[in-house]
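# Topology and contacts: notes
Chain by chain, the residues:
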Amino acid sequence: MSIKVLLEVNAKSENIEEVKALLKQTLGDTRSYDGCEGLDVILNQDDASNLILLETWKTRQHYEKYLAWRQETGALEALGAMLAQPPSIRFYDNSDI
């Protein structure tokens, strides 16, 4: 069963547009990465520095392999330098509720 990953980032106010540009540049690779079933970027209407990536992955292991690859490429370090605080990553299961 697929999982949902909620990745929340808070950009430094001076880096909001750079964060968006970096995501736009790199998320094509994410969407085509093995195990990624979908990805949406959600922008906070009340706080332009707050963005959420809502991702669907086949398994948590697929996501963790992807995240390790992003670490190796330096993309996480580049993103981290533009954030006001470390990103929050949460994992969710789908429910039939």
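Further up the page is the structure itself.
Here goes a summary of the coordinates provided. (Residues numbered from 1 in each chain as written. Predicted model: local features only at pLDDT ≥ 70, side-chain atom pairs only at ≥ 80, totals over all residues. Heavy atoms only, no water.)

### Quick notes on the nonpolar core
In terms of nonpolar packing, the biggest core is built from 14 residues, with Val9, Val19, Leu23, Leu53 and Leu79 touching the most fellow members. Mapped by element, the contributors of at least two residues to this core are strand E1 (3-10), helix H1 (16-31) and strand E3 (50-57). Considering each element in turn, this core owes the most residues, 5 residues, to H1. The contacts of Val9, once residues within four sequence positions are left out, are Ser49, Asn50, Leu51, Leu79, Leu83 and Pro87. Within the second largest apolar cluster, 7 residues are counted, among which are Ile3, Cys36, Trp57 and Tyr63. (Core = buried A, V, L, I, M, F, W, Y, C linked by side-chain atoms within 4.5 Å. Buried < 20%, exposed > 50% of the residue type's maximum accessible area, 1.4 Å probe, protein only. Helix = DSSP H or I, 4+ residues; strand = E, 2+ residues; numbered from the N terminus. Contact = heavy atoms within 4.5 Å.)

### So, the packing of aromatic side chains
Summed over the entire model, instances satisfying the criterion amount to 8 aromatic pairs. A ring pair is formed by Tyr63 and Phe91, whose centres lie 5.7 Å apart and whose planes are at 75 degrees; its orientation type is edge-to-face. Of this pair, Tyr63 sits in helix H2 (residues 60-73) while Phe91 sits in strand E4 (residues 88-93), placing them 28 residues apart in sequence. Through a chain of ring-to-ring contacts, three or more aromatic side chains come together here, namely Tyr33, Trp57, Tyr63, Tyr66, Trp69 and Phe91. Just above the ring of Phe91 sits the side chain of Arg60; from NZ or CZ to the centre is 3.7 Å. (Phe/Tyr/Trp six-rings, centres within 6.5 Å; stacked < 30°, edge-to-face > 60°. Lys NZ or Arg CZ within 6 Å of the ring centre and 35° of its normal.)

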